[in-house]
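Structural features, examined
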Amino acid sequence: GRFERNHEETVLIGLLAAIKKLAGTDVQSFLHFVNDNVGSDLLSVHCLLAYGLAEIVASEPQKVLEYLLGDPRRLYLGDFNDSHRDTKRLIVGVFPYLGQSDRLRLEEAVLSYNHYKKVNPEWNAEDRRHRLIWNRQHRLRLLRAVPDEYLSLKARRIKGAEDRAFPQLTDYDSHVSMGSIGPRL
């Protein structure tokens, strides 16, 4: 019930505060924590790691870059509302601190990102076409996280073409809003 939800939120808030504090006060210990947990297959673990890594982008941009490039699944860190939220936060934070060759490496990882790793033989042509479109949209949402002045000419052209192809594409997956209906006055 309500107690369980409040308890879960309190535990999560405490965990986030601890990770932020560790990353902010003892970078080396935090990096050991990252190394100890980087092999996890749990999305929640990587979202927590990304939260801490966002705190150290200025002091350890290479570590953040290597984390992002270490596994293509790290380009899909987020939540129900925005499946790339944490990845985009890292990209926005780290890009200004990277040299041109590292920016190109990260850019290439984004441009080659494939959300659908395998083609299911049961997919018909329409299913495969939809997934190709959705892949392009995933890449565009990641590209939008990078300020244009940091993108290569190739990536700016691709981003521009994809923005024209998907003008209504939002930078989030879903948005929940609430309202109330009351009596007229």
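Preceding this section is the structure that the text describes.
1. Considerations on the environment of alanine 145
Within the fold, alanine 145 resides in the loop between helix H7 (125-143) and helix H8 (153-165). Along the chain, alanine 145 and phenylalanine 95 lie 50 residues apart, while their C-alpha atoms are 9.6 Å from each other. When residues no more than four places from it in sequence are discounted, the contact partners of alanine 145 are Lys88, Ile91 and Val92.

2. Considerations on the packing of aromatic side chains
Taken as a whole, this structure holds four aromatic pairs when the rule is applied. Geometrically, the ring pair formed by phenylalanine 30 and phenylalanine 33 is tilted, given 6.3 Å between the ring centres and 35° between the ring planes. Of this pair, phenylalanine 30 and phenylalanine 33 are both found in helix H2 (residues 27-37), three residues apart, which corresponds to roughly one turn of the helix. Its relative accessible area of 32% is what places phenylalanine 33 among the partly exposed residues. On the basis of an interplanar angle of 55° and a centroid distance of 6.2 Å, the ring pair of phenylalanine 95 and tyrosine 150 is categorised as tilted. Of this pair, phenylalanine 95 sits in the loop between helix H5 (85-94) and helix H6 (100-111) while tyrosine 150 sits in the loop between H7 and H8; the two residues are 55 residues apart in sequence, bridging distant segments of the chain. Looking at phenylalanine 95, the relative accessible area reads 1%, which means it is buried. Taken together, the aromatic side chains of Tyr116, Trp123 and Trp134 make up a single cluster linked through ring pairs.

Criteria and thresholds
Residues numbered from 1 in each chain as written. Predicted model: local features only at pLDDT ≥ 70, side-chain atom pairs only at ≥ 80, totals over all residues. Heavy atoms only, no water. Helix = DSSP H or I, 4+ residues; strand = E, 2+ residues; numbered from the N terminus. Contact = heavy atoms within 4.5 Å. Phe/Tyr/Trp six-rings, centres within 6.5 Å; stacked < 30°, edge-to-face > 60°. Buried < 20%, exposed > 50% of the residue type's maximum accessible area, 1.4 Å probe, protein only.

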